[in-house]
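# Observations on the three-dimensional arrangement
Okay, here's what each chain looks like letter by letter:
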Amino acid sequence: MSEQKNLLAGSVIALGATITEAMDDAPGFVPCGTPAQVILNAINTYAGSDDAAAAQTAQQVSGFVGHVSEHRGVTAHETADVEQLSDQQKELAQKVLDLAKAATADTMDPRQTEWLYRALGALEPGATTAAELLAQA
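Okay, so let's go over this structure. (Residues numbered from 1 in each chain as written. Predicted model: local features only at pLDDT ≥ 70, side-chain atom pairs only at ≥ 80, totals over all residues. Heavy atoms only, no water.)

Take the packing of helix H1 (residues 3-25) against helix H5 (residues 110-121) next. In contact at an axis separation of 7 Å, H1 and H5 are set at 115° when each is read in the N-to-C sense. Crossing geometry of H1 relative to H5 is assigned as left-handed. Facing H1, whose interface residues are Val12, Ile13, Gly16, Ala17, Ile19, Thr20, Met23 and Asp24, H5 presents Glu114, Tyr117, Arg118, Leu120 and Gly121. Of the residues contributing to the contact of H1 with H5, the split by class is seven nonpolar, three polar and three charged. (Axes fitted to C-alpha atoms, helices over the stretch in contact; angles between N-to-C directions. Helix = DSSP H or I, 4+ residues; strand = E, 2+ residues; numbered from the N terminus. Left-handed = near helix turned anticlockwise from the far one by under 90°. Contact = heavy atoms within 4.5 Å. Nonpolar A, V, L, I, M, F, W, Y, C, P; charged D, E, K, R; others polar.)

So, in structure tokens, the structure goes:
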């Protein structure tokens, strides 16, 4: 994986983790479809674009991490190093990729949207919820 695509994947994980923290901070809160569409677009850019597009999209996603952090009063999570994913996290990442290929934010129900955010958060270093989210996939 190129450095730019690694950065993009890590930025998407950071956004999912930031949103997960916001959901944990306000039980019952699941963001609107905008962050989900940003994530789906970024994952599809990762899968099908060149390094320049990946780098540009990574910057956009990182900006959205800051936006969510400021508006929800939570930590802006750091870009993750996808080279450090455990085998279980890699399996979960594949499930996220599969969902991104098959969905748009408009076609996802709130349960799927929440799963997407939480699955990305589970890809952060030290996260321990990958097995639980794989069981829900």
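Here the narrative resumes, following the displayed structure.
Okay, helix H4 (residues 87-102) next. With 16 residues, H4 should reach 22 Å at 1.5 Å per residue; the first-to-last C-alpha distance of 23 Å fits that figure. By the burial criterion, the buried members of H4 are Gln89, Leu92, Ala93, Val96, Leu99 and Ala100. In an axial view of H4, the angular spread of the buried residues amounts to 115°, which keeps them on one side of the axis. Opposite the packed face of H4, turned more than 90 degrees from it, sit the exposed residues Asp87, Lys101 and Ala102. Buried residues along H4 sit in contact with helix H2 (33-48), H5 and helix H6 (130-136). (Expected span 1.5 Å × (residues − 1). Buried < 20%, exposed > 50% of the residue type's maximum accessible area, 1.4 Å probe, protein only. Arc of directions from axis to C-beta.)

As far as function goes, none of this settles anything; it's purely spatial.
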